[in-house]
Amino acid sequence: MAVVGRGGTLTAGLLRRLLPGPVVELTPCQAALDGGQYRAVVVENFEPAARGALSGCAAARWALSPRSGVTVVGLDDPEGRRLAGAAPGRVYAYSDGRPQANLTAKNVRLRGERLEFEALTQGELVRVRVPAGESPRLYDHLAALAGALALGMPLPEAAARMSG
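Throughout what follows, the structure given in this document is the object of discussion. A quick note: this is a predicted structure, and the numbers were derived from the prediction, not measured. (Residues numbered from 1 in each chain as written. Predicted model: local features only at pLDDT ≥ 70, side-chain atom pairs only at ≥ 80, totals over all residues. Heavy atoms only, no water.)

Glancing now at the overall build of the protein chain. When its secondary structure is counted, the protein chain shows 6 helices and 8 strands. Sequence-ordered secondary structure for the protein chain, helices as α and strands as β, is β-α-β-α-β-α-β-α-β-β-β-β-α-α. Burial statistics for the protein chain: of 164 residues in total, 46% are counted as buried. Considering only residue pairs separated by 6 or more positions, the protein chain has 47% of its internal contacts joining residues 24 or more positions apart. When the accessible surface of the protein chain is summed, it comes to about 7800 Å², and 52% of that surface belongs to carbon and sulfur atoms. (Helix = DSSP H or I, 4+ residues; strand = E, 2+ residues; numbered from the N terminus. Buried < 20%, exposed > 50% of the residue type's maximum accessible area, 1.4 Å probe, protein only. Contact = heavy atoms within 4.5 Å. Areas by Shrake-Rupley, 256 points an atom, 1.4 Å probe, with all protein chains shown as cover.)

Now the structure itself:
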């Protein structure tokens, strides 16, 4: 599994708790230069790009998608939607409410020191409760869940590991 971002990300840390194998973190530049093959790639922190151009993270995602078994895509970002519609290979999409995603967050709320949401896939609905931290990060949790699900982990098991 590869996570492309700024390094030391919450998504990568969550994936390390969820998955038995290694989770490699790459900056967009490292991802473009890296020749590795990955079972899955999650690209996070899309940054604003110049009009008509891709951000560094989006360009890295396009570069890595042919070298991975599945590309994990957030549909709440225009670049993620564009990739989901045109990417070579398999795509696993997540969203905060878009029904066309493989994994959708519903009924998101903060309760005290916890972030809670319902994780919905095609056939399952599971409540997820995680510490909110200083700044609640729904998309990091969704990206990590989507990465685990894309690799075949059952939703109830992934949610239990994340919540534990």
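Here we come to the pattern of salt bridges. Under the counting rule described, the total for this entry stands at 9 salt bridges. For the salt bridge of Arg 111 with Glu 116, the shortest nitrogen-to-oxygen distance reads 3.8 Å. Judged by its relative accessible area of 48%, Arg 111 is partly exposed. (Salt bridge = Lys/Arg side-chain N within 4 Å of Asp/Glu carboxyl O.)

So, about the nonpolar core. Ranked by internal contacts, the top residues of the largest apolar core, which has 36 residues, are Leu 15, Leu 103, Phe 117, Val 128, Leu 145 and Met 162. For this core, the element with the highest residue contribution is helix α5 (residues 138-150), accounting for 9 residues. Sequence-distant contacts of Phe 117, defined by excluding residues within four places in its chain, comprise Ala 105, Lys 106, Asn 107, Val 108, Val 126, Arg 127, Val 128, Leu 138, His 141, Leu 142 and Leu 145. Formed by 8 residues, the second largest nonpolar core is a distinct cluster that contains Tyr 38, Val 41, Val 43 and Leu 64. (Core = buried A, V, L, I, M, F, W, Y, C linked by side-chain atoms within 4.5 Å.)

Next up on the list: helix α4 (residues 78-86). Taken residue by residue, α4 has Glu 79, Gly 80 and Leu 83 as its buried positions. Projected onto a plane normal to the axis of α4, the buried residues spread over an arc of 100 degrees and lie on a single side. Exposed positions of α4 whose direction lies more than 90 degrees from the buried face are Pro 78 and Gly 85. (Arc of directions from axis to C-beta.)

In any sheet, the strands associate via hydrogen bonds between backbone groups, in a parallel or an antiparallel arrangement. Read across the sheet, 8 strands follow the order β2-β1-β3-β4-β5-β6-β7-β8 without closing on themselves; strand pairing throughout is mixed. This sheet does not close on itself; its edge strands, each paired only once, are β2 (24-26) and β8 (125-131). Averaged over all adjacent pairs, the angle separating strand axes in this sheet is 25 degrees, with direction ignored. As defined by bridge partners, strand β3 (residues 38-43) adjoins strand β4 (residues 68-74) across 4 bridges and the pair is classed as parallel. Each residue of the ladder has a partner; that of Val 41, found in β4, is Thr 71. Contacts from helix α1 (residues 10-18) reach β1 (2-4), β2 and β3 within the one sheet, and its direction differs from that of β1 by about 165 degrees. Contacts between helix α6 (residues 155-163) and the sheet are confined to β7 (114-120) and β8, with β8 contributing the most and set at about 15 degrees to the helix. (Pairing = 2+ DSSP bridges. Axes fitted to C-alpha atoms, helices over the stretch in contact; angles between N-to-C directions.)

Phi at Asn 107 takes a positive value of approximately 50 degrees, unusual for a residue other than glycine. Along the polypeptide, Asn 107 turns up in strand β6 (residues 103-111). Of the residues examined, Asn 107 reaches a relative accessible area of 46% and is grouped as partly exposed.

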